[in-house]
Amino acid sequence: MTETRHVKVLILGAGPTGLSAALYAARAELAPVVLTGMQLGGQAALTDVIENYPGFPEGVGGAQLGELFQKQAERFGAKVEYDLATEVDFSQRPYKVVADNGAYSADTLIIATGADPVHLNIPGEYEMTGRGVSYCATCDGWFFKDKKVVVVGGGDSAFEEGLFLTRYASSVTLVHRREEFRASAILQKRAQEHPKFNFILNTVVTEVEQGEKVTSLKLKNVVSGEESQFETDGLFIFIGHTPNTQMFKGKLAMSELGYIKVNDKMETGVAGVYAAGEAADPTFKQVITSAGMGAAAAIQATRHLEALEAESARG
Ligand SMILES: Cc1cc2nc3c(=O)[nH]c(=O)nc-3n(C[C@H](O)[C@H](O)[C@H](O)COP(=O)(O)OP(=O)(O)OC[C@H]3O[C@@H](n4cnc5c(N)ncnc54)[C@H](O)[C@@H]3O)c2cc1C
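Residues numbered from 1 in each chain as written. Predicted model: local features only at pLDDT ≥ 70, side-chain atom pairs only at ≥ 80, totals over all residues. Heavy atoms only, no water.

## Some details on the sheet that holds strand 12 (residues 171–175)
The line we're drawing: Strand pairing is assigned whenever DSSP detects at least two bridges linking the two strands. Helix and strand labels come from DSSP, where a helix needs a run of H or I of at least four residues and a strand needs a run of E of at least two; each type is numbered from the N terminus. Here, two residues are considered to be in contact whenever any of their heavy atoms come within 4.5 Å of each other. In this analysis an axis means a line fitted to C-alpha atoms, helices contributing only their contacting stretch, and an angle means the value between N-to-C directions, from 0 to 180 degrees.
Taken together, 5 strands build an open sheet; the order of strands is 10-17-11-12-13 and the sheet is parallel. Looking along the sheet, the strands with just one partner apiece sit at the ends: strand 10 (133–134) and strand 13 (197–200). Relative to strand 17 (residues 234–237), strand 10 runs parallel, the two sharing 2 bridges. Of the residues in strand 17, the one forming a bridge with V133 is L235. Strand contacts of helix 4 (residues 156–165): strand 11 (148–152), strand 12, strand 13 and strand 17, with the helix running at about 170° to strand 11, the strand carrying the most contacts.

## Details of the pairing of strand 1 (residues 4–12)
To keep it simple, the criterion reads: When the strands point away from the viewer and the connection leading from the first strand across the helix to the second strand turns clockwise, the crossover is called right-handed.
Sheet topology note: the strand 1/strand 8 (residues 102–111) ladder contains 8 bridges and is parallel. Along strand 8, the bridge assignment pairs R5 with Y104. Of the strand pairs in this sheet, strand 1 and strand 2 (residues 33–35) are connected by 3 bridges, and their pairing is parallel. Across the sheet, the residue bridging to I11 is V34, located in strand 2. Between strand 1 and its parallel partner strand 2, the chain crosses via helix 1 (residues 16–27), and the hand of that crossover is right-handed.

## So, the state of the cysteines
Rules: Cysteine sulfur atoms are paired as a disulfide whenever they come within 2.5 Å of each other.
The full count for this structure, using the stated rule, is 1 disulfide. Through a disulfide, C136 is tied to C139; the S-S separation comes to 1.9 Å. The sign of the 70° torsion about the S-S bond sets the C136-C139 disulfide as right-handed.

## Some words on the domain arrangement of the protein chain
Here is the rule we go by: Just so you know, the domain bounds were taken from an automatic or database domain assignment. In this description, buried area is defined as the sum, over both parts, of the accessible area (probe of 1.4 Å) that is lost when the two are combined. Every case where a carboxyl oxygen of Asp or Glu lies within 4 Å of a side-chain nitrogen of Lys or Arg is listed as a salt bridge.
Here the domain parsing of the protein chain yields domain 1 (4–116 + 241–314) and domain 2 (119–237). The straight-line distance from the C-alpha centre of domain 1 to that of domain 2 is 33 Å. Each partner contributes to the roughly 540 Å² buried at the junction of domain 1 and domain 2, and carbon and sulfur atoms together form 49% of this total. Among the residues of domain 1 in contact with domain 2, L46, E51 and Q286 are the three that bury the most area, contributing 53% of the side total. Taken together, the connections running from domain 1 to domain 2 amount to 0 salt bridges.

## Comments concerning the site of the ligand
Using the following cut-off: Any residue with a heavy atom positioned within 4 Å of a molecule or strand is treated as near that molecule or strand. Pairs of N or O atoms within 3.5 Å make up the polar contacts considered here, provided that, within protein, one atom can donate a hydrogen while the other can accept it, and that residues adjacent in sequence are counted only when both atoms are side-chain atoms. Surface accessibility follows the Shrake-Rupley procedure with a 1.4 Å probe radius. Residue values consider only the protein chains on display as shielding.
Around the ligand, 31 residues are found, and the nearest of them are T17, T36, Q39, Q43 and E278. A distance of 2.6 Å is found between an oxygen atom of the ligand and a side-chain nitrogen or oxygen belonging to T17. Within the backbone of Q39, a nitrogen or oxygen atom sits 2.6 Å from an oxygen atom of the ligand. Protein burial of the ligand: of its 1000 Å² of free accessible surface, 95% is covered by the chains. Only helix 1 and helix 6 (287–314) provide two or more residues apiece to the shell around the ligand.

## Describing the environment of V150
Looking at the element boundaries, V150 is found in strand 11. For V150, the contacting residues outside a window of four places in its chain are T173, V175, L217, F230, T232, G234, L235 and F236.

## Structural notes on the packing of helix 4 against helix 5 (residues 185–193)
Applicable threshold: Here a crossing is called left-handed whenever its near helix is offset anticlockwise from the far helix by less than a right angle, and right-handed whenever the offset is clockwise. Ten residue types, Ala, Val, Leu, Ile, Met, Phe, Trp, Tyr, Cys and Pro, are classed as nonpolar, four, Asp, Glu, Lys and Arg, as charged, and the remainder, Gly among them, as polar.
Close contact between helix 4 and helix 5 brings their axes to 10 Å; oriented N to C, the two are set at 35°. The handedness of the crossing between helix 4 and helix 5 comes out as left-handed. Across the interface between the two elements, D156, F159, E160 and L163 of helix 4 pack against L187, Q188, R190 and A191 of helix 5. Partitioned by chemical class, the residues of the contact of helix 4 with helix 5 number 4 nonpolar, 1 polar and 3 charged.

## Here we look at the nonpolar core
Applicable threshold: What we call a nonpolar core is a set of buried Ala, Val, Leu, Ile, Met, Phe, Trp, Tyr and Cys residues that are connected through their side-chain atoms within 4.5 Å. Burial here depends on accessible area, computed with a 1.4 Å probe over protein chains only, as a share of the maximum for the residue type. Under 20% is buried, over 50% is exposed, and the range in between is partly exposed.
Of all hydrophobic cores here, the largest spans 32 residues; its most connected members are V9, I11, I50, Y53, L65, I110 and V287. Residue contributions to this core peak at 7 residues, all from helix 6. What Y53 contacts, discounting residues up to four positions off in sequence, is L65, F69, V287, I288 and A291. Of all hydrophobic cores here, the second largest spans 24 residues; its members include A85, I260, V270 and V273.

## Concerning helix 1
Our working rule: To estimate the expected span of a helix, subtract one from its residue number and multiply by 1.5 Å.
Look at helix 1: 17 Å from first C-alpha to last across 12 residues, which is about the 16 Å you get at 1.5 Å a residue. Of all 12 residues that make up helix 1, 10 are buried, and the element is covered over most of its length. Elements in contact with the buried residues of helix 1: strand 1, strand 2, helix 2 (62–75), strand 5 (79–81), strand 8 and helix 6. E29 sits one or two positions beyond helix 1 and adopts a positive phi of about 60°.

## A closer look at the environment of V204
In this structure, V204 sits in strand 14 (residues 203–208). For V204 and V33, which are 171 residues apart along the polypeptide, the C-alpha to C-alpha distance reads 44 Å. Not counting residues up to four positions away in its chain, the partners in contact with V204 are V175, R177, K218, L219, K220 and V222.

## A few points about the pairing of strand 13
In terms of strand pairing, strand 12 meets strand 13 through 4 bridges, oriented parallel. Opposite V175, over in strand 13, you have I200 as the bridge partner. Where the polypeptide runs from strand 12 across helix 5 and back to strand 13, its parallel neighbour, the crossover connection is right-handed.

Shown next as structure tokens:
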């Protein structure tokens, strides 16, 4: 049987949230342990350049930013473990976490497992991510100044992000598999009235042509079955976001979409268990906001541990 390792602060996730929480907990001399899951650096590591994280006037590579976060946290004593948490038990303290390579007991837990954008799962999509395929208009819109972009989706986020992209792009073509949209009427009206906005309905994207940059997509009309080629410089996919929180179902309060519910101190309903970043944030979804929430969770965990210590000293 594997030995259970006890830690004061266990952090699940090594994206901007988890690594920022690690920095703060490490500087509070709590020797936090971070479990990385499958993606060290988190979603930020999937993108070529990040230009909206302060402190890097020339921008910074997504993977490089993750490495810098990690290095800074390790400098103060954080330990990063390449391990994936699979099970949690909050029924008694210290809390138990089972991971692929071992088991942990933790006085406090910071959940920073992030989220994954829903993918189309078509040929070329993964290979061209960061080369014209994107899941974030705020992050990448700027790179498409005076270029043609395609947006996929029919909900509020496809319309909101598509309208945002009209600031930069010369045209925004929304491709949707149905004839009706789920997006709110006001967003639909705004898009329909916008001179740069076009629609291709009853159509799906079936392939992204591979090369140095995105240049064209294969489309298929789902009614007629007709296939066509569509020239574009970018493909923005907004068909949903799934928080990585399945493990906490029934153990922590969550929204319908699976975001963990927290108060303004990143506290979940369980004492000493915090959730931060995209696992708990359906709204902002940025490196800076996620890092801020991670720091807040670690500050709160530190205060919680101090209060527990003071309590046990009083007897
Ligand atoms: C292609 C792309 C480009 C982007 N560009 C920008 C940009 O330019 N600027 C910007 O501000 N934002 C950008 N974003 C958004 C930004 O990356 C996210 O908002 C941010 O990474 C969220 O941080 P997070 O730490 O909360 O979650 P994530 O980054 O999703 O990290 C989650 C972490 O949890 C780990 N994990 C998951 N499950 C488990 C488990 N069971 N056990 C242990 N660990 C687990 C993962 O391996 C990962 O390390 C971009 C996103 C994408 C996808």
